[in-house]
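Listed here are the chains, written in short residue letters.
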Amino acid sequence: MNYSTEQEIAVKAVQEAAKLCQAVQAQITSSVLEKKDKSPVTVADFGSQALVCRAIREAFPDDPIIAEEDSAALKTDENAPLLEKVVAHLSDLRSGVDAETACKWIDHGGAQEYSERFWTLDPIDGTKGFLRGEQYAIALALIVDGEIVVAALGCPNLPVSADQPDNTGVVYAAVLGEGTTCIPMDGSTESVAVKVSDTTDSAQARFCESVESGHTSHSDSANVAEKLGITADSVRLDSQAKYAVVARGEADIYLRLPTRPGYVEKIWDHAAGVLVMTEAGGKASDIYGQPLEFNHGWGLHANKGVIVSNGKLHDAVIEAINEVGVTAA
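Let me sum up the structure you'll find in this document. (Residues numbered from 1 in each chain as written. Predicted model: local features only at pLDDT ≥ 70, side-chain atom pairs only at ≥ 80, totals over all residues. Heavy atoms only, no water.)

1. What about the overall build of the protein?
Then comes step 1: Within the protein, the secondary structure is distributed over 10 helices and 12 strands.
Then comes step 2: Overall, the protein is about 55 × 50 × 45 Å in size when its C-alpha atoms are taken along their principal axes.
Then comes step 3: The buried share among the 329 residues of the protein stands at 55%.
Then comes step 4: Expressed as a percentage of contacts within the protein between residues at least 6 apart in sequence, the contacts between residues at least 24 apart total 70%.
Then comes step 5: Carbon together with sulfur atoms contributes 46% to the accessible area of the protein, which is approximately 13900 Å² in total.
Then comes step 6: Charge centroids of the protein, computed over 26 positive and 49 negative side chains, lie 3 Å from each other. (Helix = DSSP H or I, 4+ residues; strand = E, 2+ residues; numbered from the N terminus. Buried < 20%, exposed > 50% of the residue type's maximum accessible area, 1.4 Å probe, protein only. Contact = heavy atoms within 4.5 Å. Areas by Shrake-Rupley, 256 points an atom, 1.4 Å probe, with all protein chains shown as cover. Lys, Arg positive; Asp, Glu negative; His and termini not counted. Charge placed at Lys NZ, Arg CZ, Asp CG, Glu CD.)

Quick look at the structure:
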């Protein structure tokens, strides 16, 4: 099938959401961080989801969306100021938005169950990175018959390339079978195709890891790295921006290893990144080397952990994981 319309809508929706997120992030001050005030990321989270869900609902009204948030928390008296801020930021981009409209847009992302065709959205992946002024992502993917077919991964603070550190803000767009492109958010340059690294010697590889150890077992990752002979420092950053870094060859391996028994990975944390990375030539699986299954509703219920590589190193990574004894328990 031709998914060019879906890709175009997805990219535009993510770009619009990124504008809202950037506006909110620009208002975060040191005093906000000192107070450990998480309200800015909450406002951006709901505002981003509202804009993306509005765009998908308008273009594809029959498509369900499995997203991370719902508006119930915003409707309490206690959070009335937050809702007011969400509406204000939405109004800067979409005139005539009121609280009822904002909540309706947000709640269009309320699906939970699998269907033959649906979208999944993480409106802000990497909330702590967002608050620190570092990396976060807006991650949107379309899944048809259990297969990811379209992805738009917005990374507002990620440099366009390693040699352009001051030119930040990119959307990675992918369609199944058509490759991955990097689209600068400011339109300064044309989109370019991206490819994973050609690294075949595991000792020359670089890991890409979460900043937050709660998301993956850093100790197990260190043991796997030792087995593989890796000595280079890991690239540490928040969010699905890690998938983009592997997709464009700046890192070779990303491990999301189980941290506690029974934990189920959420599909919105991976779907967009997986397609962006695999269409750039990489490979994704769980810790046992099994394909990731996106046909079980909101979670990767059939999988444990997520292993990402440039493809050429994948078998070696899985072997090292087995030797180290990483398990889901």
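Right, picking up where we left off after that structure.
2. A word on unusual backbone geometry
Then comes step 1: The backbone phi angle of Asp145 is positive, close to 50°, even though this residue is not glycine.
Then comes step 2: Tracing the chain through its elements places Asp145 in the loop between strand 3 (137–144) and strand 4 (147–159).
Then comes step 3: In this model, Ser239 sits at a positive phi of 75°, which is unusual for a non-glycine residue.
Then comes step 4: Position of Ser239 among the secondary structure elements: in the loop between strand 9 (235–236) and helix 8 (241–247).
Then comes step 5: Under the relative-accessibility criterion, Ser239 is labelled buried at 8%.

3. Regarding the environment of Gly96
Then comes step 1: With respect to the helices and strands, Gly96 occurs in the loop between helix 4 (80–93) and helix 5 (99–107).
Then comes step 2: The spatial distance from the C-alpha of Gly96 to the C-alpha of Leu292 is 41 Å, given a sequence separation of 196 residues.

4. Points about the sheet that holds strand 11 (residues 283–285)
Sheet strands associate in pairs through backbone hydrogen bonding, adopting either a parallel or an antiparallel arrangement.
Then comes step 1: Spatially, the 5 strands line up as an open sheet ordered 9-8-10-12-11, and their pairing is mixed. Every other strand in the sheet has two partners, leaving strand 9 and strand 11 as the edge strands with one partner each.
Then comes step 2: Along the sheet face, helix 9 (residues 271–278) touches strand 11 and strand 12 (306–309) and points at about 145° away from the line of strand 11.
Then comes step 3: In the packing of helix 10 (residues 314–324) onto the sheet, contacts are made with strand 10 (253–256), strand 11 and strand 12, and the angle to strand 12 comes to roughly 145°. (Pairing = 2+ DSSP bridges. Axes fitted to C-alpha atoms, helices over the stretch in contact; angles between N-to-C directions.)

5. Details of the sheet that holds strand 2 (residues 117–125)
Then comes step 1: Taken together, 7 strands build an open sheet; the order of strands is 1-2-3-4-5-6-7 and the sheet is mixed. Strands with a single pairing partner mark the edges of an open sheet, and in this sheet they are strand 1 (65–67) and strand 7 (192–193).
Then comes step 2: In the sheet, strand 5 (residues 168–175) pairs with strand 6 (residues 180–184) via 5 bridges, with the strands oriented antiparallel. Counted as the bridge partner of Tyr172 is Cys182 from strand 6.
Then comes step 3: Packed on one face of the sheet, helix 3 (residues 39–59) meets strand 1, strand 2 and strand 3 and runs near 155° to strand 2.
Then comes step 4: Sheet strands touched by helix 9: strand 2, strand 3, strand 4, strand 5 and strand 6. Its angle to strand 4, the strand with the most contacts, is close to 95°.

6. Concerning the nonpolar core
Then comes step 1: Val52, Leu90, Trp119, Leu121, Phe130, Ile138 and Leu140 are the most contacted members of the largest nonpolar core, which totals 52 residues.
Then comes step 2: Per-element accounting of this core gives the leading share, 10 residues, to helix 3.
Then comes step 3: Those residues in contact with Leu90, other than ones at most four positions away along the chain, are Leu20, Gly47, Ala50, Leu51, Val97 and Ala102. (Core = buried A, V, L, I, M, F, W, Y, C linked by side-chain atoms within 4.5 Å.)

7. Re the packing of helix 3 against helix 4
Then comes step 1: Contact pair helix 3 / helix 4: the axes reach a minimum separation of 9 Å and the direction vectors enclose 50°. Classed by the angle they form, the pair helix 3 and helix 4 counts as oblique. For the crossing formed where helix 3 meets helix 4, the hand is right-handed. On helix 4, the residues that touch Ser39, Thr42, Val43, Phe46, Gly47, Ala50 and Leu51 of helix 3 are Leu82, Lys85, Val86, His89, Leu90 and Leu93.
Then comes step 2: Looking at the contact of helix 3 with helix 4 residue by residue, the class counts come to 8 nonpolar, 4 polar and 1 charged. (Parallel < 35°, antiparallel > 145°, perpendicular 65-115°, else oblique. Left-handed = near helix turned anticlockwise from the far one by under 90°. Nonpolar A, V, L, I, M, F, W, Y, C, P; charged D, E, K, R; others polar.)

8. Description of the pairing of strand 4
Then comes step 1: Counted residue by residue, strand 4 has 12 buried out of 13 residues, so it is predominantly covered.
Then comes step 2: Pairing of strand 3 with strand 4, which is carried by 7 bridges, proceeds in the antiparallel orientation. Among the inter-strand pairings, Ile143 is bridged to a residue of strand 4, identified as Ile148.
Then comes step 3: Between strand 3 and strand 4, which follow one another and run antiparallel, lie 2 residues, and Asp145 among them has a positive phi close to 50°.
Then comes step 4: Of the pairings in the sheet, the one linking strand 4 to strand 5 comprises 7 bridges and is antiparallel in character. For Leu153, the partnering residue across the bridge sits in strand 5 and is Tyr172.

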